[in-house]
Amino acid sequence: GFAPTLFDAADGVGGQWCLHAPGSRTWPGMRTNTSRVTTAFSDLPLPDGTPVYPTVEQVGAYLGRYAARFGLLDGARLRTRVEHVAPLADAGERMVRARAADGRSTTERYD
């Protein structure tokens, strides 16, 4: 019932699990240290045949499918790095400052 905004410094979703994302410290074929059961979100299981400890490529693809399936890409700000998050005194909101790859900076309020 709410419209999330997804920020990712990479040109695709996945954060740490995107091999070529800025700041990712993963490598090809790297496996999770958590099982596929605890790695997946409760509303979208990993595909049948996924090994007990999925690879970075499998987790990255899964996160992309999750974002697409649940409409998270509609509000995605890809190639945008969050620089600062600060609580506001009123109503539990947060001020988020982000910078796009083209250097444009934005500051917005989120609840």
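The preceding data block contains the structure.
These numbers come from a predicted model, not from an experiment.

Definitions and cut-offs
- Residues numbered from 1 in each chain as written.
- Predicted model: local features only at pLDDT ≥ 70, side-chain atom pairs only at ≥ 80, totals over all residues.
- Heavy atoms only, no water.
- Phe/Tyr/Trp six-rings, centres within 6.5 Å; stacked < 30°, edge-to-face > 60°.
- Helix = DSSP H or I, 4+ residues; strand = E, 2+ residues; numbered from the N terminus.
- Core = buried A, V, L, I, M, F, W, Y, C linked by side-chain atoms within 4.5 Å.
- Buried < 20%, exposed > 50% of the residue type's maximum accessible area, 1.4 Å probe, protein only.
- Contact = heavy atoms within 4.5 Å.
- Salt bridge = Lys/Arg side-chain N within 4 Å of Asp/Glu carboxyl O.
- Pairing = 2+ DSSP bridges.
- Axes fitted to C-alpha atoms, helices over the stretch in contact; angles between N-to-C directions.

Participant: When you look at the packing of aromatic side chains in this model, what are you seeing that I'm missing?
Facilitator: Each aromatic ring pair is summarised here by two numbers: the centre-to-centre distance and the angle between the ring planes. Under the counting rule described, the total for this entry stands at five aromatic pairs. Taken together, a centroid distance of 6.2 Å and an interplanar angle of 80 degrees make the contact between Phe-7 and Tyr-110 edge-to-face. Pair noted here: Phe-7 is in strand E1 (residues 6–8) and Tyr-110 is in strand E5 (residues 105–110), with a separation of 103 residues, a long-range link. Ring centres of Phe-41 and Tyr-62 lie 6.3 Å apart, and the angle between their planes is 20 degrees; this geometry places the pair in the stacked category.

Participant: What's the story with the nonpolar core in this structure? I'm lost.
Facilitator: Nonpolar side chains in soluble globular proteins generally cluster together in the buried interior. Val-13, Ala-40, Leu-44, Leu-46, Tyr-62, Tyr-66, Ala-67 and Leu-72 together form the largest nonpolar core, which totals eight residues. Every residue in contact with Leu-72, bar those within four places of it in the chain, is listed here: Pro-4, Leu-6, Tyr-66 and Ala-67.

Participant: Would you mind going over the pattern of salt bridges with me for this structure?
Facilitator: It is possible for side chains bearing opposite charge to pair when their charged atoms get close. Per the stated rule, a full pass over the model turns up five salt bridges. Across the salt bridge formed by Arg-77 and Glu-108, the nearest N and O atoms sit 2.5 Å from each other. You can see Arg-77 sitting in strand E2 (residues 76–78) and its partner Glu-108 sitting in strand E5, a full 31 residues away along the chain. On the accessibility criterion, Arg-77 (28% relative accessible area) is partly exposed. Measuring nitrogen to oxygen at the nearest pair gives 2.9 Å for the salt bridge that ties Glu-83 to Arg-99. Note that Glu-83 is positioned in strand E3 (residues 80–87) and Arg-99 in strand E4 (residues 94–100), a separation of 16 residues in sequence. On the accessibility criterion, Glu-83 (35% relative accessible area) is partly exposed. Among the charged side chains, a salt-bridge network with shared partners connects Glu-83, Arg-97 and Arg-99.

Participant: Honestly, the sheet that holds E3 in this entry has me stumped. Any pointers?
Facilitator: A sheet is described by the order of its strands in space; here three strands give the open sequence E3-E4-E5, paired in antiparallel fashion. The open sheet has two edge strands with one neighbour each: E3 and E5. Within the sheet, the average angular offset between the axes of one strand and its neighbour, ignoring direction, is 20 degrees. Of the pairings in the sheet, the one linking E3 to E4 comprises seven bridges and is antiparallel in character. Across the sheet, residue Thr-80 finds its bridge partner in E4, namely Ala-100.

Participant: Help me understand unusual backbone geometry in this model?
Facilitator: Across the chain, the bulk of peptide bonds are trans and the bulk of non-glycine residues have phi less than zero. Its identity is not glycine, yet Arg-79 carries a phi of approximately 55 degrees, on the positive side. Residue placement: Arg-79 occurs in the loop between E2 and E3.

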